[in-house]
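Descriptive structure summary
Here are the chains, one letter per residue:
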Amino acid sequence: EKALAFVDKAISLDQQHAFAHRLKGDILLAQDLPDKATSNFFHAKEICPTDIASYEGMVECFLQRGQYSDAIMTAREAIEVAPRDPRAVTLVGLALSRAPQKEGRDRAKRAFRKALHLSGQPGMLRPLLALVDMCMEDGDLNMCVDLLQRGLEGSHEEAVGGMMMMMGATTSSTSTSGTGATDGTSTSTSTTHQHHQQDVLQTKLGEVLTLKEEFMDAMTCFHTALSINPDNLDAVRGLERLEKTMRGSGTMDEDVSEDCSSQQAQQRPTSPTY
């Protein structure tokens, strides 16, 4: 309520504040009120027609309301505004993939692949995970593994590049005052985001490998995800499900089980003591 009050205040002070309209739409959408959120995203789009985030909000509203044709039309409008923006291309894929018409699935997959190509980032999360989910639904688990491994390789290379840039910026800041600290902070934020990508992708790969019954490889993925981000609840749940599956199938002996539990306990954050 306080957040909405602040946003409404901003809008009352400046009716042409596109970001405030979009932010209000995001808040309403998070409150599961897509009917009310739609108008805010629409206002934001009218004020700033090139803001792809406003189109993303509108498409999500239409999808939640079951207005699939409107979602597809809005996504295509985003493409007209920014034909080479991977976020806009991803929107088309999302709208087509969630529409009830099955004939749109192949076009959705092509859109996700195009978005990944345009981004130059095989680990770009939204189109990659959407494409993987579609391949999982089709039972093409080998394709899922291939996509996720390529995404992990790409995000790892980006993270290494980011670390090198950060080291260079740090070195520069010691010899030159002024801009060095700002560049280092920006690079550090980017590197953190890339590590987040890796833990999400490792978790997804663990889920796919579990379905393929490649249990030990799946376990490695979940542990890797937790070593990157101990707060990754999806990885924790995936590991717990995997251990239950392995016990049920007789592929986990007691020593392995105890070792897994020990590693998991070490990776989970401990409560602070006072």
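Values in this document were obtained by computation on a predicted structure and should not be read as measured data.

The next point concerns the side chain of His21. Looking at where His21 falls in the secondary structure, it is placed in helix H2 (residues 18-30). In terms of polar contacts, His21 uses its side chain to reach the backbone carbonyl oxygen of Gln15, at 3.0 Å. When near neighbours in sequence (up to four residues on either side) are disregarded, His21 contacts Ile11, Gln15, Asn40, His43, Ala44 and Ile47.

Quick look at the pattern of salt bridges now. On inspection of all chains with the given rule, the structure shows 17 salt bridges. Among the salt bridges present, the one from Lys45 reaches Glu77, with a minimum N-O distance of 3.1 Å. Within this pair, whereas Lys45 is found in helix H3 (residues 34-47), its partner Glu77 is found in helix H5 (residues 68-81), the two being separated by 32 residues in sequence. Measuring nitrogen to oxygen at the nearest pair gives 3.0 Å for the salt bridge that ties Asp138 to Arg105. Of this pair, Asp138 sits in the loop between helix H8 (125-137) and helix H9 (141-175) while Arg105 is found in helix H7 (residues 105-119), placing the two residues 33 residues apart along the sequence. Residue Asp138 is classed as partly exposed on the basis of its relative accessible area, which comes to 41%. A relative accessible area of 14% places Arg105 in the buried class. Linked through salt bridges whose partners overlap, the residues forming this network are Arg105, Lys109, Glu137 and Asp138.

Per the UniProt annotation, the sites labelled "repeat: TPR" (unreviewed entry) are residues 52-85 and 199-232. Secondary structure across residues 52-85 comprises 79% helix and 0% strand; the distance between its end C-alpha atoms is 9 Å. The straight-line gap between the two end C-alpha atoms of residues 199-232 is 8 Å; of that span, 79% is helix and 0% is strand.

Glancing now at the packing of H7 against H8. Following both chains from N to C, one finds H7 and H8 inclined at 145°, their axes separated by 9 Å at the closest point. In this structure, H7 meets H8 at a crossing whose hand is left-handed. Of H8, the residues touching H7 (which contributes Arg105, Ala108, Lys109, Phe112, Arg113, Ala115 and Leu116) are Pro127, Leu128, Ala130, Leu131, Met134 and Glu137.

Thresholds applied
- Residues numbered from 1 in each chain as written.
- Predicted model: local features only at pLDDT ≥ 70, side-chain atom pairs only at ≥ 80, totals over all residues.
- Heavy atoms only, no water.
- Helix = DSSP H or I, 4+ residues; strand = E, 2+ residues; numbered from the N terminus.
- Polar contact = N/O pair within 3.5 Å; in protein donor to acceptor, adjacent residues only side chain to side chain.
- Contact = heavy atoms within 4.5 Å.
- Salt bridge = Lys/Arg side-chain N within 4 Å of Asp/Glu carboxyl O.
- Buried < 20%, exposed > 50% of the residue type's maximum accessible area, 1.4 Å probe, protein only.
- UniProt positions renumbered as here; feature names shortened; annotations may be inferred.
- Axes fitted to C-alpha atoms, helices over the stretch in contact; angles between N-to-C directions.
- Left-handed = near helix turned anticlockwise from the far one by under 90°.

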